[in-house]
Amino acid sequence: GNSVTQMEGPVTLSEEAFLTINCTYTATGYPSLFWYVQYPGEGLQLLLKATKADDKGSNKGFEATYRKETTSFHLEKGSVQVSDSAVYFCALMDMGRRALTFGSGTRLQVQP
Amino acid sequence: ETGVTQSPTHLIKTRGQQVTLRCSSQSGHNTVSWYQQALGQGPQFIFQYYREEENGRGNFPPRFSGLQFPNYSSELNVNALELDDSALYLCASSSVFGGQETQYFGPGTRLLVL
């Protein structure tokens, strides 16, 4: 079956530091890949997505590249802000099933 | 952009009771998916409704049921509540465009079962 593995958190960084959150997946076929962000007490917000190999998704300074050869979709940001503190979820969608499979989430804490 | 709304925002029930959660999909979307997110975990797929029919189900018992209405809004019903049903329930709306789908989530309903 499909699965997503994320690095465990929390990840604690100082403001303006470089961020990487690792995500690898197992899936049949060619899934679409997503990063969602969840702020405290809220639902999930789509951060970025990629639908095929070598695609790069980007939004609000965050980037992730769909690497089929390593089955990875690592999230990166060059300079984090305190406002980026949240839980980040990597997810995949197998279009045959049309359901998202999520990782367990990585909590990011950015200190001023 | 989300436009997905859910009600109520919070709910407290006792074990054995029944609950109904509601979701209004984003304009232009014909699919609603429901997820359960336990504390500290990633969301788990419950089921999906497409054009008023169930279109896939995760590993949840039959006491979890749903409906979709002609305006594509949806309900999630849970019978015989158990303590482990305490969670954040998320709905997501979507449509397939060009063979691709992106699900947009509502704010969730937080259910506490005592």
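*Asks:* Would you mind going over the overall build of chain B with me for this structure?
*Replies:* Helix and strand content of chain B: zero helices and 13 strands. In sequence order, the secondary structure elements of chain B are arranged as β-β-β-β-β-β-β-β-β-β-β-β-β. Radius of gyration (C-alpha) of chain B: 13 Å, near the 13 Å computed for a compact globule of 114 residues. Each of the three principal axes of chain B carries a C-alpha extent, and together these read 45 × 25 × 25 Å. Residues classed as buried in chain B amount to 50% of the 114 residues present. As displayed, chain B offers around 5400 Å² of accessible surface, 51% of which is attributable to carbon and sulfur atoms.

*Asks:* Explain the sheet that holds strand 3 (residues 19-21) of chain A here, please?
*Replies:* To summarise the sheet geometry, strands pair through backbone hydrogen bonds and adopt either a parallel or an antiparallel arrangement. Residue and element names in this part refer to chain A. The strand order 3-9-8-7 describes an open sheet built from four strands, whose pairing is antiparallel. Sheet topology places strand 3 and strand 7 (56-59) at the edges, where each strand pairs with a single neighbour. Averaged over all pairs of adjacent strands, the angle between strand axes in this sheet comes to 15°, irrespective of strand direction.

*Asks:* Would you mind going over the interface of chain A and chain B with me for this structure?
*Replies:* How big an interface is tends to be stated in terms of the accessible area lost upon association of its parts. At the junction of the two partners, chain A supplies 20 residues and chain B supplies 26 residues. Carbon and sulfur atoms make up 51% of the area that chain A and chain B hide from each other, which totals about 1700 Å². At the boundary of chain A with chain B, the tally comes to one salt bridge. Across the pair Arg98(A) and Glu101(B) runs a salt bridge whose closest N-O atoms are separated by 2.6 Å. Counting across the chain A and chain B interface gives 10 residue pairs in polar contact (both at pLDDT 80 or more).

*Asks:* Honestly, the packing of aromatic side chains in this entry has me stumped. Any pointers?
*Replies:* Aromatic ring pairs: the centre-centre distance and the angle between the two ring planes describe each pair. Tallied over the entire structure, the rule returns 12 aromatic pairs over all chains. Ring centres of Phe89(A) and Phe102(A) lie 6.2 Å apart, and the angle between their planes is 90°; this geometry places the pair in the edge-to-face category. With Phe89(A) in strand 10 (residues 86-94) and Phe102(A) in strand 11 (residues 99-102), the pair connects residues that are 13 residues apart, well separated along the chain. With respect to burial, Phe89(A) and Phe102(A) carry one shared label: buried. Relative to Tyr49(B), the ring of Phe47(B) lies with its centre 5.4 Å away and its plane at 90°, an arrangement referred to as edge-to-face.

*Asks:* Whenever I open this one, the sheet that holds strand 8 (residues 74-78) of chain B confuses me. Can you help?
*Replies:* Residues and elements named next belong to chain B. Ordered in space as 1-3-8-7, the four strands form an open sheet in which the pairing is antiparallel. Each having just a single partner strand, strand 1 (5-7) and strand 7 (64-68) make up the two edges of the open sheet. Neighbouring strand axes in the sheet, compared pairwise and without regard to direction, differ in orientation by 20° on average.

*Asks:* Looking at this structure, how should I read the pattern of salt bridges?
*Replies:* All names here are of chain B. Under the definition given, this model contains eight salt bridges over all chains. Here arginine 63 makes a salt bridge to glutamate 82, at a shortest N to O gap of 3.3 Å. One end of the pair, arginine 63, is in the loop between strand 6 (53-57) and strand 7; the other, glutamate 82, is in the loop between strand 8 and strand 9 (87-94), with 19 residues separating them in the sequence. A residue is classified by how much of its surface remains accessible, and arginine 63, at 16% relative accessible area, is buried.

Basis of the calculations
Residues numbered from 1 in each chain as written. Chains lettered and ligands numbered in written order. Predicted model: local features only at pLDDT ≥ 70, side-chain atom pairs only at ≥ 80, totals over all residues. Heavy atoms only, no water. Helix = DSSP H or I, 4+ residues; strand = E, 2+ residues; numbered from the N terminus. Rg over C-alpha atoms; globule rule 2.2 N^0.38 Å. Buried < 20%, exposed > 50% of the residue type's maximum accessible area, 1.4 Å probe, protein only. Areas by Shrake-Rupley, 256 points an atom, 1.4 Å probe, with all protein chains shown as cover. Pairing = 2+ DSSP bridges. Axes fitted to C-alpha atoms, helices over the stretch in contact; angles between N-to-C directions. Contact = heavy atoms within 4.5 Å. Buried area = accessible area lost by both parts, 1.4 Å probe. Salt bridge = Lys/Arg side-chain N within 4 Å of Asp/Glu carboxyl O. Polar contact = N/O pair within 3.5 Å; in protein donor to acceptor, adjacent residues only side chain to side chain. Phe/Tyr/Trp six-rings, centres within 6.5 Å; stacked < 30°, edge-to-face > 60°.

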